[in-house]
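# Working through the structure, step by step
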Amino acid sequence: MITIDSTAVIGVIGAGTMGAGIAQVAAKAGHPVILFDAMEGAAQRGLEGIEKGLAKLVTRGRMTQEEVDTLLSRITLANSLQDFAPSRVVIEVIVERLDIKQQVFAELEEICAADTILATNTSSISVTAIGSQLTRSQNLVGMHFFNPAPIMKLVEVISGLDTDPAVADAIYSLSEAWGKKPVRAKSTPGFIVNRVARPFYAEGLRVLQEGGSNEATIDAILRDAGQFRMGPFELMDLIGHDVNFAVTSSVFAAYFNDQRFLPSLIQQELVNAGHLGRKSGRGFYDYSENAEKPSPATAAPQKAPAQVTIEGDLGVAEPLVQLMIDAGLKVTRVDEGEGSITVANATLRLTNGQMTTQRAAQQRNSNLIHFDLALDYNVAKRIALAPADQADEAALQAAAGLFQAIGKDVSVIDDVPGMVVMRTVAMLANEGFDAVNQQVCSEADVDIAMKGGVNYPFGPIEWAYAVGLGTIQAVLDNLASTYGEDRYRTSPLIRRKVAGGL
């Protein structure tokens, strides 16, 4: 067992936003910290950035000036890598280039003690590959923080092929001591977060590409029904399309062009045009002065229905029944049925991954309308509807009137398989389960990582259990059948769990 107490010296190489943030975290935990950057003046600027950020905390009453002075006194600026000799742990936060990382760690092996732990904050490079040129590759481990490091709780602890398990355990414990929520993962492309998050962007882009709806409406559906903090398009604009596209392309290439990670031509065009999002003033949205962000498509008000009939169990959408009752609607329940809502001449069903038009034809029900998944129907502000091509206008108006009567905004989208929230959640869960199936991490760590690293409202695996794994499998199978693409193949672990009764 390797222990690292608060007296241990922590070295940080790279004094940019992330490196300075990590130095601040370590110093706050009581460690003496050595901060270095090869660029002249960068370490001093990093320290000044820490001081400026802490001054804001003093102003807000979250720290005292004495606490700030004590924290800053623990950080020493280094002149060269030679100054890292006393370090117990050295964390590298430099450019994402394999050769440079290998060179820096090789130099540290010559300078530091034989038992010094070397940690890389890489978000995309194989820890195994970085360690391949080291004499003591067992001492190398991934310690991937999320930006801003002083605020974000998640740390991915990544074990390369040669990483000593005791070293990974020590960094896991150190992360906990620093107030973080660490997760364990094997060194595979994207680790947990950058791998599992790909469908959040990819499915939104696919719906846009197929004309399912526009960016503002898709974003609103995922915010207001899925309760994600941001929709995929506003989030990609915030991240920067050059960065987001590069990560997707990197994961795609690293998985030998697995279609599940296929980059989007739409995003490639934005990058080609230099429309990188907020930082360039234009991406999916216009950020120029006085530009107005477009509003989501919202259905015009319709009459509340006089009568609603519920057939069978609505499953995850069952809370809708009580909402109807609370709204004063006349609700009749019939035990038999596949789980549907009948209002006037419209039949409403939760999307199952098929096109509504296809399902309507199979069931010989021309006025079938799919509604989308919501994280919690009780608090969802918006519901998406996708009518079959055969459906008449009166059926759509009746469906919209029903959801409006229970306090929801309604967005009518074109008939794309799986709609918006359902296909996104199904694919996020599928990727999470596949990471588990491939022994990258545990189910619990998938959920911790996605909630802690990218602020998902619910872990994708726990969300899948809440929806029902049988439902998730059906959605994925229907998506795969409709598209005929390997992209939507269902993880063997989901199939195994469903077959086992879960």
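Among the surface-exposed residues, Lys 28, Lys 52, Lys 56, Arg 60, Arg 62, Lys 153 and Lys 181 lie close enough to one another that they form a single positively charged patch. Positionally, Lys 56 belongs in helix α2 (residues 42-59).

Together, Glu 48, Glu 51, Glu 66, Glu 67 and Asp 69 line one region of the surface with negative charge. At the level of secondary structure, the elements contributing two or more residues to the negative patch comprise α2 and α3 (65-73). Broken down by element, the residue count for the negative patch peaks at three residues, all from α3. Tracing the sequence through the fold places Glu 67 in helix α3.

Before going further, it helps to examine the pairing of strand β2 (residues 33-36). Because side chains alternate across β2, one face comprises the buried residues Val 33 and Leu 35, and the other comprises Ile 34 and Phe 36, equally buried. Relative to β2, strand β1 (residues 10-13) runs parallel, the two being bridged by four bridges. Bridged to Val 12 within β2 is Leu 35. Taken together, β1, helix α1 (residues 17-28) and β2 form a β-α-β motif whose crossover is right-handed. Note: β2 against strand β3 (residues 75-77), three bridges, orientation parallel. Bridge pairing links Val 33 to Ile 75 in β3.

A few words on the sheet that holds strand β5 (residues 117-120). Strand order in the open sheet made by the eight strands is β3-β2-β1-β4-β5-β6-β7-β8, with mixed pairing throughout. The strands lining the two open edges of the sheet, one partner per strand, are β3 and β8 (181-186). Pairwise comparison of adjacent strand axes, ignoring direction, gives a mean angle of 25° for this sheet. Contacting β2 and β3, α2 runs over the sheet at an angle of about 155° to β3.

Judged by pairing direction, the sheet is mixed, and its seven strands sit side by side in the order β10-β9-β11-β12-β13-β14-β15 without closing on themselves. Each of the sheet's edge strands pairs with one partner strand only, and the pair in question is β10 (331-334) and β15 (409-412). For this sheet, the mean angle separating the axes of adjacent strands, direction not counted, is 25°. Of the strand pairs in this sheet, strand β14 (residues 382-387) and β15 are connected by four bridges, and their pairing is parallel. The residue of β15 that forms the bridge with Arg 382 is Asp 409. Sheet contacts for helix α13 (residues 319-326): β9 (308-311), β10, β11 (340-343) and β13 (368-371); angle to β10, the most-contacted strand, approximately 150°.

Note that soluble globular proteins tend to have their nonpolar side chains buried in a common cluster. Counting residues in hydrophobic clusters, the biggest one holds 113 residues, and the most contacted among them are Phe 84, Leu 108, Leu 320, Ile 341, Leu 348 and Phe 371. Looking at which element gives the most residues to this core, the answer is helix α16 (residues 421-437), with ten residues. Those residues in contact with Leu 108 that sit more than four places away from it in its chain are Ile 13, Leu 81, Phe 84, Val 90 and Leu 118. One finds Ile 4, Leu 54, Val 68 and Leu 71 within the second-largest nonpolar core, a separate group that totals 42 residues.

Turning next to helix α9 (residues 215-224). By the criterion of burial, α9 is predominantly enclosed, with eight of the ten residues buried. Buried within α9 we find Ala 216, Thr 217, Ile 218, Asp 219, Ala 220, Ile 221, Leu 222 and Asp 224. Against the buried residues of α9 lie α8 (198-209), α10 (232-239), β14, β15 and α16. Sitting at the amino-terminal end of α9 is Asn 214, which places a side-chain oxygen 3.4 Å from the backbone nitrogen of Ala 216.

Per the counting criterion, the structure on display carries 14 aromatic pairs. Ring centres of Phe 36 and Phe 84 lie 6.3 Å apart, and the angle between their planes is 85°; this geometry places the pair in the edge-to-face category. Residue Phe 36 is located in strand β2, and its partner Phe 84 is located in the loop between β3 and β4 (89-92); the two are separated by 48 residues in the primary sequence. Of the two residues examined, Phe 36 and Phe 84, each falls in the buried class.

Take the pairing of strand β6 (residues 140-145) next. Each regular strand carries side chains that alternate between the two faces of the sheet. Taking burial as the measure, the six residues of β6 include six buried ones, the bulk of the element. Both faces of β6 are covered, namely the face carrying Leu 140, Gly 142 and His 144 and the face carrying Val 141, Met 143 and Phe 145. As judged from the three bridges shared by β5 and β6, these two strands associate in the parallel manner. Within β6, the position partnered with Leu 118 by the bridge is Leu 140. Two elements, β6 and strand β7 (residues 154-159), share four bridges in a ladder whose sense is antiparallel. When the sheet's bridge partners are listed, His 144 is paired in β7 with Glu 156.

Of the consecutive residues Asn 147 and Pro 148, the connecting peptide bond is found in the cis state with omega at 0°. The backbone phi angle of Asn 257 is positive, close to 65°, even though this residue is not glycine. Structurally, Asn 257 can be placed in the loop between α11 (241-254) and α12 (265-273). The class for Asn 257 is partly exposed, based on a relative accessible area of 44%.

Our next topic: the packing of helix α17 (residues 443-454) against helix α18 (residues 460-467). The geometry of α17 relative to α18 is characterised by a closest axis approach of 7 Å and an angle of 110° between their N-to-C directions. In this view, α17 runs roughly perpendicular relative to α18, as classed from their interaxial angle. Counted together, Glu 443, Val 446, Asp 447, Met 450 and Lys 451 of α17 and Pro 460, Ile 461, Glu 462 and Tyr 465 of α18 form the full contact between these two elements.

This part takes up the pattern of salt bridges. Following the criterion strictly, the structure yields 23 salt bridges and no others. Residue Arg 206 pairs with Glu 485 through a salt bridge whose shortest N-O separation is 2.5 Å. Residue Arg 206 is located in helix α8, and its partner Glu 485 is located in the loop between α19 (469-483) and α20 (492-499); the two are separated by 279 residues in the primary sequence. Of the charged contacts in the structure, one is a salt bridge between Glu 431 and Arg 260, with a shortest N-O distance of 2.7 Å. Linking Glu 431 in helix α16 with Arg 260 in the loop between α11 and α12, this pair joins segments that are 171 residues apart in sequence. Judged by relative accessible area, which is 4%, Arg 260 ranks as buried.

Conventions we followed
- Residues numbered from 1 in each chain as written.
- Predicted model: local features only at pLDDT ≥ 70, side-chain atom pairs only at ≥ 80, totals over all residues.
- Heavy atoms only, no water.
- Patch = residues over 30% accessible without salt bridge, like charges linked within 9 Å, V, L, I, M, F, W, Y side chains within 5 Å.
- Areas by Shrake-Rupley, 256 points an atom, 1.4 Å probe, with all protein chains shown as cover.
- Salt bridge = Lys/Arg side-chain N within 4 Å of Asp/Glu carboxyl O.
- Lys, Arg positive; Asp, Glu negative; His and termini not counted.
- Charge placed at Lys NZ, Arg CZ, Asp CG, Glu CD.
- Helix = DSSP H or I, 4+ residues; strand = E, 2+ residues; numbered from the N terminus.
- Buried < 20%, exposed > 50% of the residue type's maximum accessible area, 1.4 Å probe, protein only.
- Pairing = 2+ DSSP bridges.
- Right-handed = clockwise from strand over helix to strand, strands pointing away.
- Axes fitted to C-alpha atoms, helices over the stretch in contact; angles between N-to-C directions.
- Contact = heavy atoms within 4.5 Å.
- Core = buried A, V, L, I, M, F, W, Y, C linked by side-chain atoms within 4.5 Å.
- Polar contact = N/O pair within 3.5 Å; in protein donor to acceptor, adjacent residues only side chain to side chain.
- Phe/Tyr/Trp six-rings, centres within 6.5 Å; stacked < 30°, edge-to-face > 60°.
- Parallel < 35°, antiparallel > 145°, perpendicular 65-115°, else oblique.

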